[in-house]
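# Chains, contacts and geometry: an overview
Chain by chain, the residues:
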Amino acid sequence: MKIIAFEVRDDEKEYFKKYESQYQCEITCVPYALTQDNLSIVNGYDGVSILGRCCITADVEDRLKELGVKCCVTRTVGYNHIDVNHAHEIDLKIANSNYPPTGVADYTVMLILMSLRHYKQAMWRGNVNDYSLNGLQGRELHELTVGVIGTGKIGQCVIKNLSGFGCKILAYDMYQNDIVKKYAEYTDLDTIISSCDVISLHTPLLESTYHLIDKEKITNMKDGVILVNCARGELMDIDSLIEGIELKKIGALALDVIEGEDGIYHEDKRSDIISNQKMAYLRQFPNVIMTQHMAFYTDIAVESMVKCSVEAVHDFIKKGTCETSI
Ligand code: COI
């Protein structure tokens, strides 16, 4: 069985070696993303392993199928970069990966605390030996209401983490979960929007969740609200975020993901011209923390992402299905 893995970082290579021998397959790792231009390289492979930069459109899927590929597995949890419906139509098998939600959940709490305690400004000051306190007075989590939108695995884990801080937790999801009810109160989206001091997003990016946070929602939020996004950039309308910060409606923003990050995050762009003006503008505010889509990035998660993708191709070929099949 032959697998070709795209967008492979150096830190993933040892795991591809490990699972190549465990699943007795032959794996070729390449650092670049699969695109229309380099598609012919997949000829002769049974399965393709990708990350988030490969955009698997209907056209790409048709070509994969023509070239004899049987399955395409993303090493990510989110799969908004794959046209799943078309893949089903042409019987190209698709799977995603999973990894423990704890890494992203811990990171989310870190961003909340950094925002509450003005850590970005404190760090800036420290760098120039300014040890003043003026303007750095924070707020304590146990006095606040935190809203968690999306109570899948990561949202649930964020809620459990937060329960240790003694804050009031409100949750919103189309599907309610009994474990969440132990720590949080489910409510409707409008109530989360209007009554929370901190709002954190943990939903997948779907047509229905695109720009979930827009101008109208921000207008209806509490003054000084803290918004956190470790899910997908396109859940928040970047123009409305900028306006919310400029009008001082938003007290702080902590974004591990941002609309238009594709082609920028996970690359060394030091010598390049960054084309996303809005992203560059937003980054310079003292109350905006932005990181490079790295909340997932832990040793445990990386190994699991690689393992899942190799296992999924193996199971698709040997058993016709796999645990993470979509
Ligand atoms: C995911 O697993 O969905 C992530 O966001 C991780 C990233 C490598 C795209």
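Note that residues are indexed from 1 along each chain, following the sequence as it is written. It should be noted that, the model being predicted, local features are given only for residues of pLDDT at least 70 and side-chain atom pairs only at 80 or more, the latter also being counted only at that level, while totals for whole chains, interfaces and linings use all residues. To obtain the side-chain values, all non-hydrogen atoms of the structure were used and water was disregarded.

## Section: the packing of helix H4 (residues 102-116) against helix H6 (residues 153-163)
Note the cut-off: Only the stretch in contact is used when fitting a helix axis, every axis being a line fitted to C-alpha atoms; angles between N-to-C directions are given from 0 to 180 degrees. Working definition: helices are DSSP H or I runs of at least four residues, strands are E runs of at least two. Numbering for both runs from the N terminus. Each angle receives one of four descriptions, namely roughly parallel if under 35 degrees, roughly antiparallel if over 145, roughly perpendicular if within 65 to 115, and oblique otherwise. Here a crossing is called left-handed whenever its near helix is offset anticlockwise from the far helix by less than a right angle, and right-handed whenever the offset is clockwise. Contacts are assigned to residue pairs that have any heavy atoms within 4.5 Å of one another. Three classes are used: nonpolar for Ala, Val, Leu, Ile, Met, Phe, Trp, Tyr, Cys and Pro, charged for Asp, Glu, Lys and Arg, and polar for all others, with Gly counted as polar.
Their axes nearest at 8 Å, the elements H4 and H6 cross at an angle of 50°. As the angle between them shows, H4 and H6 are arranged oblique. As for how H4 packs across H6, the hand of that crossing is right-handed. Of H6, the residues touching H4 (which contributes Thr102, Val104, Ala105, Asp106, Thr108, Val109 and Ile112) are Ile154, Cys157, Val158, Asn161 and Leu162. Tallied by class, the residues present in the contact of H4 with H6 amount to 8 nonpolar, 3 polar and 1 charged.

## Digging into the UniProt feature "domain: D-isomer specific 2-hydroxyacid dehydrogenase catalytic" (unreviewed entry) in the chain
Selection rule: UniProt positions are given in the numbering used here, feature names are shortened, and annotations may be inferred rather than shown by experiment.
According to UniProt, the "domain: D-isomer specific 2-hydroxyacid dehydrogenase catalytic" (unreviewed entry) feature falls on residues 6-324. Helix makes up 37% of residues 6-324 and strand 14%, with an end-to-end C-alpha separation of 19 Å.

## Re the packing of aromatic side chains
Here a ring pair, both rings aromatic, is described through the centre-centre distance and the interplanar angle of the planes. Note the threshold: Only centres within 6.5 Å qualify two rings of Phe, Tyr or Trp (six-membered ring in Trp) as a pair; their planes then separate them into stacked at under 30 degrees, edge-to-face at over 60, and tilted for everything else. Type-normalised accessible area, obtained with a 1.4 Å probe on protein chains alone, sets the label of each residue: buried when under 20%, exposed when over 50%, and partly exposed for intermediate values.
If you walk through the whole model with that rule in mind, you get 4 aromatic pairs. Ring centres 5.1 Å apart and planes at 75° place the aromatic pair Tyr281 and Phe285 in the edge-to-face group. For Tyr281, a relative accessible area of 36% puts it in the partly exposed group. Their ring planes at 50° and their centres at 5.6 Å tell us that Phe296 and Tyr297 sit as a pair that is tilted.

## Things to note about the nonpolar core
Worth spelling out the cut-off: Each nonpolar core is a collection of buried residues, namely Ala, Val, Leu, Ile, Met, Phe, Trp, Tyr and Cys, held together in the definition by side-chain atoms within 4.5 Å. For every domain, the bounds stem from an assignment made automatically or drawn from a database.
Leu141, Leu162 and Val228 are the most contacted members of the largest nonpolar core, which has 34 residues in total. Elements that contribute at least two residues to this core include exactly H4, strand E6 (145-149), H6, strand E7 (168-172), strand E10 (225-229), strand E11 (250-255) and helix H12 (299-319). Sorting elements by how many residues they give to this core places H4 first, with 7 residues. If you count residues domain by domain, this core takes at least three from each of domain 1 (2-99 + 299-319) and domain 2 (102-290). What Leu141 contacts, discounting residues up to four positions off in sequence, is Ile112, Leu113, Leu116, Val146, Leu162, Phe165 and Cys167. In this structure, Cys196, Leu201, Leu227 and Ile264 belong to the second largest nonpolar core, which totals 33 residues.

## Overview of the sheet that holds E6
Stated formally: Note: two strands are recorded as paired if DSSP finds a minimum of 2 bridges between them.
Taken in spatial order, the 7 strands line up as E8-E7-E6-E9-E10-E11-E12 in an open sheet, and their pairing is parallel. Because the sheet does not close on itself, it has two edges, and the strands there are strand E8 (185-186) and strand E12 (288-290). Bridge analysis of E6 against E7 gives 5 bridges, and the strand direction is parallel. Considered in E7, the bridge of Thr145 is made with Lys168. Each of E6 and E7 touches H6; the most contacted strand, E6, lies at about 165° to it.

## A look at a nonpolar patch on the surface
Rules: Like charges are joined within 9 Å and nonpolar side chains (Val, Leu, Ile, Met, Phe, Trp, Tyr) within 5 Å, but only among residues with over 30% relative accessible area and no salt bridge; these make up the patches. Note that accessible areas follow from Shrake-Rupley with a 1.4 Å probe, and for residues the cover is restricted to the protein chains shown. In the sections that follow, a salt bridge refers to a side-chain nitrogen of Lys or Arg positioned within 4 Å of a carboxyl oxygen of Asp or Glu.
Among the surface-exposed residues, Tyr119, Met123 and Trp124 lie close enough to one another that they form a single nonpolar patch of about 300 Å² accessible area. Among the structural elements, Met123 can be located in helix H5 (residues 119-127).

## A short note on the UniProt feature "domain: D-isomer specific 2-hydroxyacid dehydrogenase NAD-binding" (unreviewed entry) in the chain
UniProt tags residues 109-295 as "domain: D-isomer specific 2-hydroxyacid dehydrogenase NAD-binding" (unreviewed entry). Within residues 109-295, the helical portion is 33% and the strand portion 16%, while the C-alpha atoms at the span's ends are 11 Å from each other.

## Some thoughts on the domain arrangement of the chain
Our working definition: A 1.4 Å probe defines the accessible area here, and the buried area is the portion of it lost by two parts on being joined, summed over both.
Along its sequence, the chain is organised into domain 1 (2-99 + 299-319) and domain 2 (102-290). Spacing between the C-alpha centres of domain 1 and domain 2 amounts to 31 Å. Contacts between the two partners involve 4 residues from domain 1, matched on the other side by 4 residues from domain 2. Looking at the side of domain 1 facing domain 2, the largest losses of area belong to Arg53, Asn80 and Tyr99, adding up to 73% of the total buried there. At the surface where domain 1 touches domain 2, the tally comes to 1 salt bridge.

## Description of the side chain of Glu259
Where we set the bar: Two N or O atoms form a polar contact when they lie within 3.5 Å of each other; inside protein one atom must be a possible hydrogen donor and the other a possible acceptor, and for residues adjacent in sequence the pair counts only when both atoms belong to side chains.
Counting through the fold element by element, Glu259 comes out in the loop between E11 and helix H11 (277-283). Of the polar contacts made by the side chain of Glu259, one reaches the backbone nitrogen of Ile238; its length is 3.0 Å. Non-local contacts of Glu259, meaning those with residues more than four positions away in its chain, are made with Tyr210, His211, Gly233, Glu234, Met236, Asp237, Ile238 and Asn276.

## Considering the site of the ligand
Cut-off, in case you're wondering: Residues are classed as near a molecule or strand on a simple rule: at least one heavy atom within 4 Å of it.
All residues adjacent to the ligand are Thr76, Val77, Gly78, Tyr99, Arg232, His293, Phe296 and Met305. Contact between the ligand and Gly78: an oxygen atom at 2.8 Å from a main-chain N or O atom of the residue. Tyr99 places a side-chain nitrogen or oxygen 2.6 Å from an oxygen atom of the ligand. Taking 290 Å² as the accessible area of the ligand by itself, protein coverage stands at 90%. Taken together, the residues of the shell around the ligand break down into 4 nonpolar, 3 polar and 1 charged.

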